[in-house]
Amino acid sequence: ALEIGHDLGRALLNARLFEQERRLSEELKALDGYKSQLLATVSHELKNPLTGIVGHLELLEGADVGEAGPSIAAVHRNTLRIRRLVDDLLLLARSSDPGRRAQREPVDLREVVEDAVELLSVQATVGGLEIVVVAPDTPVCTSGDPTDLERICANLLGNAVKYSPDGGTITLTLDHGPEPDTVTLVCEDQGIGIAPEEQEHLWTEFFRSSDPAAEKQVGTGLGLAIVARIVERHGGSIDVSSELGRGSRFRVTLPAC
Ligand code: ADP
(Lines give C-alpha, C1' and ligand atoms only; values in the text may rest on other atoms or scores of the structure.)
Protein backbone atom coordinates (compact mmCIF):
# COMPACT_ATOMS: atom_id res chain seq x y z
CA ALA A 1 0.00 0.00 0.00
CA LEU A 2 2.92 2.25 0.80
CA GLU A 3 4.39 1.67 -2.65
CA ILE A 4 1.09 2.39 -4.44
CA GLY A 5 0.74 5.58 -2.43
CA HIS A 6 4.28 6.55 -3.40
CA ASP A 7 3.62 5.95 -7.12
CA LEU A 8 0.38 7.89 -6.95
CA GLY A 9 2.14 10.81 -5.27
CA ARG A 10 4.79 10.84 -7.97
CA ALA A 11 2.19 10.69 -10.75
CA LEU A 12 0.30 13.62 -9.21
CA LEU A 13 3.50 15.63 -8.89
CA ASN A 14 4.39 14.89 -12.52
CA ALA A 15 0.94 15.94 -13.70
CA ARG A 16 1.19 19.19 -11.75
CA LEU A 17 4.67 19.89 -13.12
CA PHE A 18 3.47 19.15 -16.65
CA GLU A 19 0.55 21.56 -16.22
CA GLN A 20 2.86 24.28 -14.83
CA GLU A 21 5.24 23.85 -17.74
CA ARG A 22 2.40 24.05 -20.26
CA ARG A 23 1.08 27.26 -18.68
CA LEU A 24 4.56 28.80 -18.57
CA SER A 25 5.18 27.99 -22.22
CA GLU A 26 1.82 29.56 -23.16
CA GLU A 27 2.66 32.71 -21.18
CA LEU A 28 6.09 32.90 -22.83
CA LYS A 29 4.49 32.55 -26.24
CA ALA A 30 2.02 35.34 -25.46
CA LEU A 31 4.85 37.57 -24.22
CA ASP A 32 6.85 36.83 -27.36
CA GLY A 33 3.85 37.79 -29.47
CA TYR A 34 3.44 41.01 -27.49
CA LYS A 35 7.14 41.85 -27.99
CA SER A 36 6.91 41.30 -31.75
CA GLN A 37 3.71 43.34 -31.92
CA LEU A 38 5.31 46.22 -30.01
CA LEU A 39 8.40 46.08 -32.21
CA ALA A 40 6.28 46.07 -35.36
CA THR A 41 4.07 48.95 -34.18
CA VAL A 42 6.94 51.19 -33.07
CA SER A 43 8.92 50.54 -36.26
CA HIS A 44 5.85 51.20 -38.37
CA GLU A 45 5.11 54.47 -36.56
CA LEU A 46 8.73 55.57 -37.09
CA LYS A 47 8.72 54.69 -40.75
CA ASN A 48 6.09 57.22 -41.88
CA PRO A 49 7.68 60.40 -40.48
CA LEU A 50 11.08 59.16 -41.66
CA THR A 51 9.81 58.83 -45.21
CA GLY A 52 8.66 62.49 -44.99
CA ILE A 53 12.04 63.65 -43.67
CA VAL A 54 13.98 61.79 -46.39
CA GLY A 55 11.68 63.26 -49.04
CA HIS A 56 12.37 66.82 -47.89
CA LEU A 57 16.10 66.17 -47.63
CA GLU A 58 16.10 64.92 -51.20
CA LEU A 59 14.31 68.10 -52.30
CA LEU A 60 17.07 70.13 -50.64
CA GLU A 61 19.76 68.29 -52.62
CA GLY A 62 19.46 70.53 -55.67
CA ALA A 63 18.71 73.72 -53.73
CA ASP A 64 21.15 76.51 -52.97
CA VAL A 65 21.64 76.02 -49.21
CA GLY A 66 24.92 77.91 -48.87
CA GLU A 67 26.90 77.07 -45.74
CA ALA A 68 24.26 74.63 -44.54
CA GLY A 69 25.33 72.13 -47.26
CA PRO A 70 27.60 69.90 -45.14
CA SER A 71 25.11 69.89 -42.24
CA ILE A 72 22.26 68.90 -44.51
CA ALA A 73 24.41 66.15 -46.04
CA ALA A 74 25.19 64.84 -42.53
CA VAL A 75 21.51 64.88 -41.55
CA HIS A 76 20.67 63.02 -44.78
CA ARG A 77 23.34 60.36 -44.14
CA ASN A 78 22.19 59.78 -40.59
CA THR A 79 18.52 59.73 -41.52
CA LEU A 80 19.21 57.02 -44.09
CA ARG A 81 20.98 55.10 -41.35
CA ILE A 82 17.93 55.31 -39.08
CA ARG A 83 15.70 54.26 -41.97
CA ARG A 84 17.86 51.19 -42.57
CA LEU A 85 17.53 50.29 -38.90
CA VAL A 86 13.75 50.78 -38.92
CA ASP A 87 13.44 48.64 -42.08
CA ASP A 88 15.47 45.87 -40.43
CA LEU A 89 13.45 46.11 -37.21
CA LEU A 90 10.26 45.69 -39.23
CA LEU A 91 11.72 42.64 -40.95
CA LEU A 92 12.84 41.20 -37.60
CA ALA A 93 9.36 41.70 -36.14
CA ARG A 94 7.81 40.09 -39.20
CA SER A 95 10.18 37.11 -39.15
CA SER A 96 9.81 36.43 -35.42
CA ASP A 97 6.08 37.04 -34.90
CA PRO A 98 4.74 33.72 -33.54
CA GLY A 99 1.18 34.79 -34.42
CA ARG A 100 1.92 35.28 -38.11
CA ARG A 101 0.66 32.49 -40.29
CA ALA A 102 3.48 32.00 -42.74
CA GLN A 103 2.54 31.72 -46.37
CA ARG A 104 3.57 28.34 -47.74
CA GLU A 105 3.99 27.46 -51.38
CA PRO A 106 6.50 25.47 -53.42
CA VAL A 107 9.39 27.76 -54.31
CA ASP A 108 12.20 27.00 -56.77
CA LEU A 109 15.29 28.39 -55.05
CA ARG A 110 16.91 28.98 -58.44
CA GLU A 111 14.44 31.85 -58.97
CA VAL A 112 15.11 33.18 -55.47
CA VAL A 113 18.85 33.22 -56.18
CA GLU A 114 18.32 34.88 -59.56
CA ASP A 115 16.30 37.71 -57.94
CA ALA A 116 18.90 38.26 -55.20
CA VAL A 117 21.73 38.38 -57.76
CA GLU A 118 19.80 40.94 -59.80
CA LEU A 119 19.22 43.03 -56.68
CA LEU A 120 22.91 43.11 -55.77
CA SER A 121 24.59 43.00 -59.16
CA VAL A 122 25.28 46.76 -59.35
CA GLN A 123 26.79 46.84 -55.86
CA ALA A 124 28.93 43.79 -56.72
CA THR A 125 30.17 45.33 -59.96
CA VAL A 126 31.08 48.58 -58.18
CA GLY A 127 33.06 46.50 -55.66
CA GLY A 128 34.90 44.64 -58.44
CA LEU A 129 33.20 41.37 -57.49
CA GLU A 130 32.10 38.51 -59.66
CA ILE A 131 29.03 36.51 -58.64
CA VAL A 132 28.96 32.90 -59.82
CA VAL A 133 25.80 30.79 -59.49
CA VAL A 134 26.10 27.01 -59.51
CA ALA A 135 22.72 25.24 -59.72
CA PRO A 136 21.27 22.05 -61.19
CA ASP A 137 19.16 22.11 -64.37
CA THR A 138 16.13 20.84 -62.46
CA PRO A 139 14.15 22.79 -59.81
CA VAL A 140 15.54 23.03 -56.28
CA CYS A 141 12.26 23.20 -54.41
CA THR A 142 11.35 24.02 -50.85
CA SER A 143 8.02 24.96 -49.35
CA GLY A 144 7.85 28.47 -47.97
CA ASP A 145 7.14 32.15 -48.23
CA PRO A 146 8.87 33.46 -51.39
CA THR A 147 9.50 36.93 -49.90
CA ASP A 148 11.10 35.42 -46.79
CA LEU A 149 13.24 33.05 -48.84
CA GLU A 150 14.41 35.93 -51.02
CA ARG A 151 15.35 37.81 -47.86
CA ILE A 152 17.61 34.93 -46.75
CA CYS A 153 19.46 34.97 -50.03
CA ALA A 154 19.63 38.79 -50.36
CA ASN A 155 21.00 39.21 -46.82
CA LEU A 156 23.68 36.53 -47.27
CA LEU A 157 24.69 37.84 -50.68
CA GLY A 158 24.54 41.45 -49.44
CA ASN A 159 26.93 40.58 -46.61
CA ALA A 160 29.26 38.72 -48.97
CA VAL A 161 29.45 41.86 -51.14
CA LYS A 162 29.82 44.23 -48.18
CA TYR A 163 32.53 42.24 -46.43
CA SER A 164 34.64 41.62 -49.57
CA PRO A 165 36.33 45.02 -49.91
CA ASP A 166 39.12 43.74 -52.18
CA GLY A 167 36.94 42.19 -54.85
CA GLY A 168 37.08 38.49 -55.67
CA THR A 169 34.42 35.92 -56.40
CA ILE A 170 31.20 35.15 -54.58
CA THR A 171 29.77 31.71 -55.29
CA LEU A 172 26.14 30.80 -54.69
CA THR A 173 25.58 27.06 -54.87
CA LEU A 174 22.22 25.29 -54.85
CA ASP A 175 21.93 21.56 -54.43
CA HIS A 176 19.90 18.65 -53.10
CA GLY A 177 20.99 16.87 -49.93
CA PRO A 178 23.40 15.82 -48.44
CA GLU A 179 20.69 14.54 -46.05
CA PRO A 180 17.65 13.02 -47.78
CA ASP A 181 14.72 15.35 -48.50
CA THR A 182 16.73 18.51 -48.02
CA VAL A 183 18.03 21.26 -50.27
CA THR A 184 21.01 23.51 -49.59
CA LEU A 185 21.97 27.06 -50.45
CA VAL A 186 25.61 27.94 -49.91
CA CYS A 187 26.97 31.48 -50.13
CA GLU A 188 30.75 31.61 -50.22
CA ASP A 189 32.99 34.67 -50.40
CA GLN A 190 36.69 35.50 -50.37
CA GLY A 191 36.28 38.47 -48.06
CA ILE A 192 37.56 39.50 -44.64
CA GLY A 193 36.32 36.40 -42.80
CA ILE A 194 35.03 36.10 -39.23
CA ALA A 195 37.11 35.25 -36.12
CA PRO A 196 36.28 31.79 -34.66
CA GLU A 197 35.19 33.21 -31.28
CA GLU A 198 32.67 35.54 -32.98
CA GLN A 199 31.00 32.96 -35.21
CA GLU A 200 28.52 31.63 -32.63
CA HIS A 201 27.20 35.17 -31.95
CA LEU A 202 26.36 36.01 -35.56
CA TRP A 203 22.67 35.07 -35.17
CA THR A 204 22.11 37.35 -32.16
CA GLU A 205 20.26 40.64 -32.73
CA PHE A 206 22.59 43.66 -33.03
CA PHE A 207 25.80 41.59 -32.99
CA ARG A 208 28.51 43.20 -35.08
CA SER A 209 32.12 42.05 -35.31
CA SER A 210 34.76 44.04 -33.44
CA ASP A 211 37.14 43.55 -36.39
CA PRO A 212 37.99 47.07 -37.67
CA ALA A 213 37.63 45.86 -41.27
CA ALA A 214 34.01 44.86 -40.54
CA GLU A 215 33.21 47.91 -38.42
CA LYS A 216 34.12 50.13 -41.36
CA GLN A 217 30.99 48.89 -43.18
CA VAL A 218 27.61 50.37 -42.36
CA GLY A 219 25.24 47.84 -40.76
CA THR A 220 22.61 47.22 -38.13
CA GLY A 221 23.67 43.79 -36.86
CA LEU A 222 20.18 42.50 -37.65
CA GLY A 223 20.67 40.91 -41.09
CA LEU A 224 21.81 37.47 -39.91
CA ALA A 225 19.36 37.46 -36.97
CA ILE A 226 16.57 37.91 -39.54
CA VAL A 227 18.04 35.14 -41.72
CA ALA A 228 18.27 32.76 -38.74
CA ARG A 229 14.61 33.42 -37.71
CA ILE A 230 13.34 32.82 -41.24
CA VAL A 231 15.38 29.63 -41.64
CA GLU A 232 14.08 28.36 -38.29
CA ARG A 233 10.47 29.08 -39.23
CA HIS A 234 10.94 27.11 -42.43
CA GLY A 235 12.19 24.08 -40.49
CA GLY A 236 15.76 24.48 -41.71
CA SER A 237 19.19 25.16 -40.25
CA ILE A 238 22.12 27.45 -40.95
CA ASP A 239 25.82 27.15 -40.25
CA VAL A 240 28.96 29.08 -41.01
CA SER A 241 32.59 28.27 -41.59
CA SER A 242 35.08 31.07 -41.98
CA GLU A 243 38.71 31.99 -41.73
CA LEU A 244 39.96 35.50 -41.01
CA GLY A 245 41.39 37.11 -44.12
CA ARG A 246 40.33 34.23 -46.37
CA GLY A 247 36.55 34.32 -46.59
CA SER A 248 33.28 32.96 -45.26
CA ARG A 249 30.86 30.22 -46.19
CA PHE A 250 27.23 30.26 -45.04
CA ARG A 251 25.16 27.12 -45.61
CA VAL A 252 21.38 27.03 -45.33
CA THR A 253 19.64 23.64 -45.29
CA LEU A 254 15.87 23.54 -45.92
CA PRO A 255 13.31 20.74 -46.28
CA ALA A 256 12.82 19.74 -49.92
CA CYS A 257 9.34 19.55 -51.41
P1 ADP B 1 25.40 43.83 -40.37
O2 ADP B 1 26.08 43.39 -41.61
O3 ADP B 1 24.28 44.77 -40.62
O4 ADP B 1 26.36 44.34 -39.35
P5 ADP B 1 24.60 41.06 -39.95
O6 ADP B 1 23.68 40.50 -38.91
O7 ADP B 1 24.23 40.82 -41.37
O8 ADP B 1 24.71 42.60 -39.63
O9 ADP B 1 26.04 40.48 -39.70
C10 ADP B 1 26.57 40.51 -38.39
C11 ADP B 1 28.07 40.63 -38.43
O12 ADP B 1 28.62 39.42 -38.98
C13 ADP B 1 28.57 41.73 -39.33
O14 ADP B 1 28.65 42.96 -38.64
C15 ADP B 1 29.96 41.21 -39.74
O16 ADP B 1 30.88 41.52 -38.74
C17 ADP B 1 29.75 39.70 -39.76
N18 ADP B 1 29.53 39.15 -41.12
C19 ADP B 1 28.37 38.79 -41.67
N20 ADP B 1 28.53 38.28 -42.90
C21 ADP B 1 29.85 38.32 -43.15
C22 ADP B 1 30.67 37.93 -44.26
N23 ADP B 1 30.18 37.38 -45.37
N24 ADP B 1 32.03 38.11 -44.14
C25 ADP B 1 32.55 38.65 -43.00
N26 ADP B 1 31.83 39.03 -41.94
C27 ADP B 1 30.50 38.88 -42.00
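Residues numbered from 1 in each chain as written. Predicted model: local features only at pLDDT ≥ 70, side-chain atom pairs only at ≥ 80, totals over all residues. Heavy atoms only, no water.

An unreviewed UniProt entry annotates the chain as histidine kinase originating from Nocardioides donggukensis.

**Some thoughts on the overall build of the chain**
Put simply, the test is: Only DSSP runs of H or I reaching four residues or more are called helices, and only runs of E reaching two or more are called strands; each is numbered from the N terminus. A radius of gyration in this sense is built from C-alpha atoms; the matching globule rule multiplies 2.2 Å by the number of residues raised to 0.38. Only protein chains enter the accessibility calculation, which uses a 1.4 Å probe; a residue whose area is less than 20% of its type maximum is buried, one above 50% is exposed, and one in between is partly exposed. Residues are treated as being in contact if the distance between any of their heavy atoms lies within 4.5 Å.
A tally of helices and strands in the chain yields 7 helices and 7 strands. Relative to the compact-globule value of 18 Å for 257 residues, the chain shows a C-alpha radius of gyration of 23 Å, a clear excess of over 25%. Counting across all 257 residues of the chain, residues that qualify as buried make up 35%. Of the contacts formed within the chain by residues at least 6 apart in sequence, a portion of 73% connects residues at least 24 apart.

**Comments concerning the nonpolar core**
For the record, the criterion: The definition of a nonpolar core used throughout is a set of buried Ala, Val, Leu, Ile, Met, Phe, Trp, Tyr and Cys residues joined through side-chain atoms within 4.5 Å.
Core analysis: the biggest nonpolar cluster contains 40 residues, and I152, L156, L185 and V252 have the highest contact counts within it. Breaking this core down by element, the ones donating at least two residues are α2 (69–96), α3 (109–126), α4 (146–162), β4 (168–176), β5 (182–188), α7 (223–233), β6 (237–243) and β7 (247–255). Examining the composition of this core, we find that 8 residues originate from one element, α4, more than from any other. Non-local contacts of V252, meaning those with residues more than four positions away in its chain, are made with I152, L156, V183, T184, L185, V231, S237 and I238.

**Considering the environment of P106**
When you line up the elements, P106 lands in strand β1 (residues 105–108). Spatially, the C-alpha atoms of P106 and C257 are 6.9 Å apart, while their sequence positions differ by 151 residues. Contact partners of P106, with chain neighbours within four places excluded, come to T142, S143 and C257.

**Overview of the UniProt feature "domain: Histidine kinase" (unreviewed entry) in the chain**
Which entries qualify depends on this criterion: UniProt positions are given in the numbering used here, feature names are shortened, and annotations may be inferred rather than shown by experiment.
Sites flagged by UniProt as "domain: Histidine kinase" (unreviewed entry) map to residues 41–257. Regarding residues 41–257, the helix share stands at 47% and the strand share at 21%, and the terminal C-alpha atoms are separated by 34 Å.

**A few points about the side chain of R229**
Following the sequence through the fold, R229 ends up in helix α7. Looking at R229, the relative accessible area reads 19%, which means it is buried.

**Side note on α4**
Convention followed: Each helix should span, by expectation, one fewer than its residue count multiplied by 1.5 Å. Pairs of N or O atoms within 3.5 Å make up the polar contacts considered here, provided that, within protein, one atom can donate a hydrogen while the other can accept it, and that residues adjacent in sequence are counted only when both atoms are side-chain atoms.
The first and last C-alpha atoms of α4 sit 24 Å apart over 17 residues, in line with the 24 Å expected at 1.5 Å per residue. A large share of α4 lies buried, amounting to 13 of its 17 residues. The N-cap residue of α4 is D145: its side-chain oxygen and the backbone nitrogen of T147 are 2.9 Å apart.

**Here we look at the environment of C141**
Here C141 is to be found in strand β3 (residues 141–144). Taking the C-alpha atoms as reference, C141 lies 10.0 Å from T184; in sequence the two are 43 residues apart. Filtering out sequence-adjacent residues up to four positions away, C141 remains in contact with V107, D108, V183, P255, A256 and C257.

**Looking at α7**
Among the 11 residues of α7, 9 are classified as buried, and the element is accordingly described as predominantly covered. When we look at burial in α7, the residues that qualify are G223, L224, A225, I226, V227, A228, R229, I230 and V231. Tucked into the core, α7 has its buried residues touching α2, α4, β6 and β7. Downstream of α7 by one or two residues, G235 has phi in the positive range, about 75 degrees.

**Comments concerning the pattern of salt bridges**
Quick reminder of the rule: Salt bridge, as applied in this entry: a Lys or Arg side-chain nitrogen positioned within 4 Å of an Asp or Glu carboxyl oxygen.
All told, the structure shown has 10 salt bridges when counted by the stated rule. Salt-bridge contacts for R94 lead to D148; the nearest nitrogen and oxygen are separated by 3.0 Å. Linking R94 in helix α2 with D148 in helix α4, this pair joins segments that are 54 residues apart in sequence. By relative accessible area, which is 5% here, D148 ends up buried. The partner of R229 in a salt bridge is E205, with the nearest N and O atoms 2.7 Å apart. Pair noted here: R229 is in helix α7 and E205 is in the loop between α5 (196–199) and α6 (212–215), with a separation of 24 residues, a long-range link. Here the salt bridges do not stand alone but share partners, grouping E19, R22, R23 and E26 into one network.

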